[in-house]
Amino acid sequence: MKSLILFALSESTESTKSDALSSVEAEITDNLNQAVENANNFIHSLEKYLPKIIAFGINVCIAIAIFAVGKIVIGILMKIVKKFFKRANIEISVQKFLISLVRAILYFILFIILCNQVGIQTTSFVALLSTASLTIGLALQGSFSNFAGGVLILLIKPFKVGDYIVDGSSGTEGTVQKIDLFYTMIVTPDNKLITIPNGNLSNTHITNASAFEKRRVDITVGISYESDMELAKQTVRFVGMQEPARLMEEDVFVGIKALAESEVTIVLRVWVKTEDYWNAYFRMNEELKKELDKVGIEIPYNQLDVHVTQKE
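Only a predicted model underlies this, so the values are computations on that prediction, with no experimental measurement involved.

With that settled, the discussion passes to the overall build of the chain. Of regular secondary structure, the chain possesses 7 helices and 8 strands. Considering the chain as a whole, with its 312 residues, one finds that 26% of them fall into the buried category. Across the chain, the fraction of contacts at a sequence separation of at least 24, relative to all contacts at a separation of at least 6, is 60%. A total of about 21,900 Å² of accessible surface is found on the chain, and carbon and sulfur atoms cover 61% of it.

Its identity is not glycine, yet lysine 157 carries a phi of approximately 60°, on the positive side. Along the chain, lysine 157 turns up in the loop between helix 4 (141-156) and strand 1 (164-167). The backbone phi angle of asparagine 191 is positive, close to 65°, even though this residue is not glycine. By the element assignment, asparagine 191 lies in the loop between strand 3 (183-187) and strand 4 (193-197). Residue class for asparagine 191 comes out exposed when judged on its relative accessible area of 65%.

Next up on the list: the sheet that holds strand 1. Reading across the sheet, the 5 strands line up as 4-3-2-1-5 and stay open at both edges, with antiparallel pairing between neighbours. With partners counted over all chains shown, the strands left at the sheet margins are strand 4 and strand 5 (206-208), one partner each. Each neighbouring strand pair of the sheet contributes to a mean axis angle of 40°, computed without reference to strand direction. Alignment of strand 1 against strand 2 (residues 173-179), held across 3 bridges, turns out to be antiparallel. When the sheet's bridge partners are listed, valine 166 is paired in strand 2 with glutamate 173.

On the surface, Val69, Ile72, Val73, Ile76, Leu77 and Ile80 cluster together into a nonpolar patch covering about 530 Å² of accessible area. By secondary structure assignment, the location of valine 73 is in helix 1 (residues 2-87). Take valine 73: its relative accessible area is 40%, and that puts it in the partly exposed class.

On to the pattern of salt bridges, then. All told, the structure shown has 10 salt bridges when counted by the stated rule. When the shortest N-O distance is used, the salt bridge between aspartate 293 and lysine 289 registers 2.3 Å. Placement of the pair is aspartate 293 and lysine 289 together in helix 7 (residues 277-294), with a separation of 4 residues, close to one helical turn. The class of aspartate 293 is partly exposed, set by a relative accessible area of 42%. Through salt bridges with shared partners, a single ionic network connects Arg216, Asp218 and Arg269.

Pairing is antiparallel in the open sheet, where 3 strands are placed in the order 6-8-7. This sheet does not close on itself; its edge strands, each paired only once, are strand 6 (214-223) and strand 7 (253-259). The sheet shows a mean angle of 30° between the axes of neighbouring strands, direction not considered. Bridging between strand 6 and strand 8 (residues 264-273) involves 10 bridges; their strand directions are antiparallel.

Let's shift gears to helix 6 (residues 229-242). In an α-helix there are 3.6 residues to a turn, and that puts residues three or four apart on one side. Here helix 6 is 14 residues long and its end C-alpha atoms lie 20 Å apart, about the 20 Å a rise of 1.5 Å per residue gives. Those residues of helix 6 not exposed but buried are Ala232, Thr235, Val236, Val239 and Gly240. Seen from one end, helix 6 has its buried residues packed into an arc of 140°, which puts them on one side. What points out from helix 6, more than 90 degrees from its buried face, is the exposed set Gln234 and Gln242. Two or three places before glutamate 230, at the start of helix 6, stands the capping residue aspartate 228, its side-chain oxygen 3.2 Å from that residue's backbone nitrogen.

Calculation rules
Residues numbered from 1 in each chain as written. Predicted model: local features only at pLDDT ≥ 70, side-chain atom pairs only at ≥ 80, totals over all residues. Heavy atoms only, no water. Helix = DSSP H or I, 4+ residues; strand = E, 2+ residues; numbered from the N terminus. Buried < 20%, exposed > 50% of the residue type's maximum accessible area, 1.4 Å probe, protein only. Contact = heavy atoms within 4.5 Å. Areas by Shrake-Rupley, 256 points an atom, 1.4 Å probe, with all protein chains shown as cover. Pairing = 2+ DSSP bridges. Axes fitted to C-alpha atoms, helices over the stretch in contact; angles between N-to-C directions. Patch = residues over 30% accessible without salt bridge, like charges linked within 9 Å, V, L, I, M, F, W, Y side chains within 5 Å. Salt bridge = Lys/Arg side-chain N within 4 Å of Asp/Glu carboxyl O. Expected span 1.5 Å × (residues − 1). Arc of directions from axis to C-beta. Polar contact = N/O pair within 3.5 Å; in protein donor to acceptor, adjacent residues only side chain to side chain.

Structure follows, in structure tokens:
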């Protein structure tokens, strides 16, 4: 009986081991089948997308080559631009700005070419950039106007630092102390610093009193109709000839400018160096008064004659 029980247990154990082995074999087979199926799917996907991957890789390689060549071309173009600006004798601040602007534009064009090469659509990007630029431009219209005016002033050079100018729109005048891209600063004769937007200066007429090495001093003086006109003219000419700042190669002009209501207006014109203008102007005015008084020439002034009539 005991032997029979042991035999039955042995048979049961063998059966359990066989079932477990079969289960493991089935699981392995399923895993192998799943792996084969995954491999087949991967190969199928690879066969499907491989041309696109290869094409993208080729485009990337071409884009890298375009970038390398484009960078070299931009470097050559920037050297040409720098030489051109240097020969044009453009202000340093304008040169730096324009060089940076040209470089940014060239690299932006290169960026668009690279995006198109790798298949990135740039139409929407360019449209968005244009809209943003328009919005920013409208918001900063005044600043852009001043900036454009500054660039024009520095390029055309209607005046430079140290020149004495008169702003035609406001009548402000003084010596130019500094020219920036947005504003120009001038110092008035009474030592006030005035900042003028370049947009205003570029859109009005500007008188540059320091544009040339010499200037003509025009002084008018009135004499009475009873005075000796020829003597007065000789006296005025004498003052002009004695002016120490007068340019000897230029003639002194004296003439009758107008026959006014209460005076004969004589004009004196003397050429001097630009830097001597104001000293000569004030000095000759003073000398004219002294010399005319010496020879008895009357300088009339406004007066009112009142005639009283008595009725009987």
